[in-house]
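# Examining the three-dimensional arrangement
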Amino acid sequence: MPARKAGIAMIAALVTLTSACSDTPPAPEAATPSAPPSNAAPAGKPASLALKVEEVAGGLTHGWDIGFLPDGKALITQRPGKLALVSGLQPGATTTEVKADFADLFVEHESGLLGLVIHPDFAQSRRFTTCQNYKQGETPTDVRLITWTLSADGTSAQRVQTLLTGMPVNPNGRHSGCRPTIAEDGALLVGTGDAADDPGVPQDRTNLGGKVLRIDLRTGEGLPDNPFASSANANERRVYTYGHRNVQGVAVRTGTGQVFVSEHGPTNFDELSLVKAGGNYGWDPSQGGTVDEYDESVPMTDLERFPDAVPQAWTSGKTTEAPSGAAFLTGPQWGALDGRMVLAALRGQKLLVFTMDGPGAVTDVYLPPEFNSEFGRLRGVRTGPDGALYVTTSTGDNDKLLRVTLA
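Residues numbered from 1 in each chain as written. Predicted model: local features only at pLDDT ≥ 70, side-chain atom pairs only at ≥ 80, totals over all residues. Heavy atoms only, no water.

Going by the annotation in an unreviewed UniProt entry, the name recorded for the protein is Glucose/arabinose dehydrogenase, with Amycolatopsis magusensis given as the source organism.

In structure tokens form, the structure reads like this:
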């Protein structure tokens, strides 16, 4: 994407935010979508919503995702192929490298060691699953899910199984996704990228790219109540939604059954969407199979080509945010922010806080001034067991794990 300034419409203008480069190589400008304009982002919020941001630990390199362990520690994946164990969730924690075999990891642009989930039975099994790009020799092959066992002392991890293979990979590293998250019913949800290569991938339900997958955490198979569970194709049985471009955030709204995903648009028109089983989200760079090249001039949600496509809950419009991790703030400790969703932005180097009504419509977007370019690019966002929000930075130089609470 070309470097440029990212403007945000604000009710009370505080500051002009300078954009940073996204992970994605240059892409053409997007056509204006046949979808609602972006929501304004009010900045004039009361002081009662002020945030306290603390550095838990530093010394990371492109921290991508966070997994919380039952003993109060945390694992952090780092895109170049490093796994860090953080000693605690309070400021002053230390990090130690977890030795693991990443010799077959493909690292390029958005590719590498990506998302992470800790298994619910970790206290007994010590298992966790990562999403990572795989290479055979020096040739990038796919994006896959790998399940590991963490040693008792936390110093090393051993592979248990390759849970899922076949998510597409781009030799230039574009659009790898990949954010695994465990839903309230125990299903493993995986937001994937379309690899920005074969234009037919997002609309092809037999291909795992450009999808939200819903699979069994133990076997990697599609679940029996998935929308295409009767398909003869194993990949299609894993598909929960399709027609996505590059999903990097998956957020579960506690107690509602709702799941939201965030994804990168072409240059702009980034989106936040409510997941609906079997839904087509309208991204089709093949123009209905009429072009052989990956055409990024098409709308993110093409309601003309796909009248039944699921409209997005929010779009950035002509502003580029490059959204990544997402999570909901839950608990009375958040005061007026309880129940809101937080989205990390790479390009704008900020957080976006969304207010939603019961059905999931976005009614307000708030930009906490504490994050206005203060910490650089933001990647991973997870709610910790203590109710605080944890955020990883992704500048590539002494990246940090941050702890966010209400001031």
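Once the structure has been displayed, the description carries forward.
On to the sheet that holds strand S1 (residues 51-60), then. Paired through backbone hydrogen bonds, the strands of a sheet run either parallel or antiparallel to each other. An order of S1-S24-S23-S22 is seen for the four strands of this open sheet, with the pairing classed as antiparallel. Edge positions in the sheet fall to S1 and strand S22 (378-383), since each of these pairs with one other strand and no more. On average, adjacent strands in this sheet sit at an angle of 20° to one another, irrespective of strand direction. In this sheet, strand S24 (residues 399-406) lies alongside S1 in antiparallel orientation, the contact comprising seven bridges. Directly across from Leu 60, in S24, lies its bridge partner Asp 399. (Pairing = 2+ DSSP bridges. Helix = DSSP H or I, 4+ residues; strand = E, 2+ residues; numbered from the N terminus. Axes fitted to C-alpha atoms, helices over the stretch in contact; angles between N-to-C directions.)

Let us now look at the packing of aromatic side chains. Evaluation of the coordinates by the stated rule reveals eight aromatic pairs. Look at Phe 228 and Tyr 242: their rings are 6.3 Å apart centre to centre, the planes differ by 65°, and that puts the pair in the edge-to-face class. Of the two residues, Phe 228 is situated in the loop between strand S12 (212-215) and helix H2 (234-238) and Tyr 242 in the loop between strand S13 (239-241) and strand S14 (247-253); the sequence distance between them amounts to 14 residues. Like Tyr 242, Phe 228 is buried. On the numbers, 5.3 Å between centres and 50° between planes, the contact of Phe 371 with Phe 375 is tilted. What links up through ring pairs into an aromatic cluster is the set Phe 102, Phe 128 and Trp 148. We note Arg 205 situated over the ring of Phe 228; from NZ or CZ to the ring centre the distance is 4.0 Å. Its end group placed over the ring of Trp 64, Arg 379 keeps NZ or CZ at 3.9 Å from the ring centre. (Phe/Tyr/Trp six-rings, centres within 6.5 Å; stacked < 30°, edge-to-face > 60°. Buried < 20%, exposed > 50% of the residue type's maximum accessible area, 1.4 Å probe, protein only. Lys NZ or Arg CZ within 6 Å of the ring centre and 35° of its normal.)

We now examine the pattern of salt bridges. On inspection of all chains with the given rule, the structure shows 19 salt bridges. For the salt bridge of Asp 225 with Arg 214, the shortest nitrogen-to-oxygen distance reads 2.7 Å. Of this pair, Asp 225 sits in the loop between S12 and H2 while Arg 214 sits in strand S12, and the two are eleven residues apart along the sequence. Judged by relative accessible area, which is 7%, Arg 214 ranks as buried. Through salt bridges with shared partners, a single network forms among Lys 52, Glu 54, Asp 386 and Arg 403. (Salt bridge = Lys/Arg side-chain N within 4 Å of Asp/Glu carboxyl O.)

Attention now moves to the side chain of Asp 270. With respect to the helices, strands and loops of the structure, Asp 270 is situated in the loop between strand S15 (258-263) and strand S16 (271-274). Buried Asp 270, no salt bridge; nearest opposite-charge side chain is Arg 245, N-O distance 6.2 Å. Only 2.9 Å separates the side chain of Asp 270 from the backbone nitrogen of Ala 322, close enough to count as a polar contact. (Lys, Arg positive; Asp, Glu negative; His and termini not counted. Polar contact = N/O pair within 3.5 Å; in protein donor to acceptor, adjacent residues only side chain to side chain.)

Our focus in this paragraph is the state of the cysteines. Inspection of the entire model under this criterion finds one disulfide. Across the disulfide from Cys 131 sits Cys 178; the S-S distance is 1.9 Å. The S-S bond linking Cys 131 to Cys 178 shows a torsion near 90°; that makes this disulfide right-handed. Of the two residues, Cys 131 is situated in strand S7 (residues 127-136) and Cys 178 in the loop between strand S9 (157-167) and strand S10 (179-182); the sequence distance between them amounts to 47 residues. According to the relative accessible area criterion, Cys 178 is buried, its value standing at 1%. (Disulfide = S-S within 2.5 Å.)

Looking at chain direction, strand S8 (residues 139-150) and S9 are connected through seven bridges and run antiparallel. Bridge pairing in S9 links Trp 148 to Arg 159. Linkage of S8 to S9, two consecutive antiparallel strands, is achieved through a turn of six residues, within which Gly 154 is found at a positive phi near 75°.

The next subject is the side chain of Thr 315. Looking at where Thr 315 falls in the secondary structure, it is placed in strand S17 (residues 314-315). We classify Thr 315 as buried; its relative accessible area is 3%. A polar atom in the side chain of Thr 315 sits 3.1 Å from the backbone nitrogen of Gly 317.

Turning next to the pairing of S7. Here S7 lies mainly inside the structure; eight of its ten residues are buried. As judged from the ten bridges shared by S7 and S8, these two strands associate in the antiparallel manner. In the sheet register, Lys 135 faces S8, and the bridge partner there is Pro 140. Connecting S7 to the next strand, S8, in antiparallel fashion are two residues, including Gly 137 with a positive phi near 70°.

Here Val 275 shows up in the loop between S16 and S17. Considered as a pair, Val 275 and Val 250 are 25 residues apart in the sequence and their alpha carbons are 9.5 Å apart. When near neighbours in sequence (up to four residues on either side) are disregarded, Val 275 contacts Tyr 240, Thr 241, Val 259, Val 261 and Tyr 281. (Contact = heavy atoms within 4.5 Å.)

The next subject is the environment of Asn 233. Residue position: Asn 233 is located in the loop between S12 and H2. A sequence separation of 26 residues divides Asn 233 from Asn 207, and the C-alpha atoms of the two residues are 9.8 Å apart. Only 3.0 Å separates the side chain of Asn 233 from the backbone nitrogen of Glu 236, close enough to count as a polar contact.

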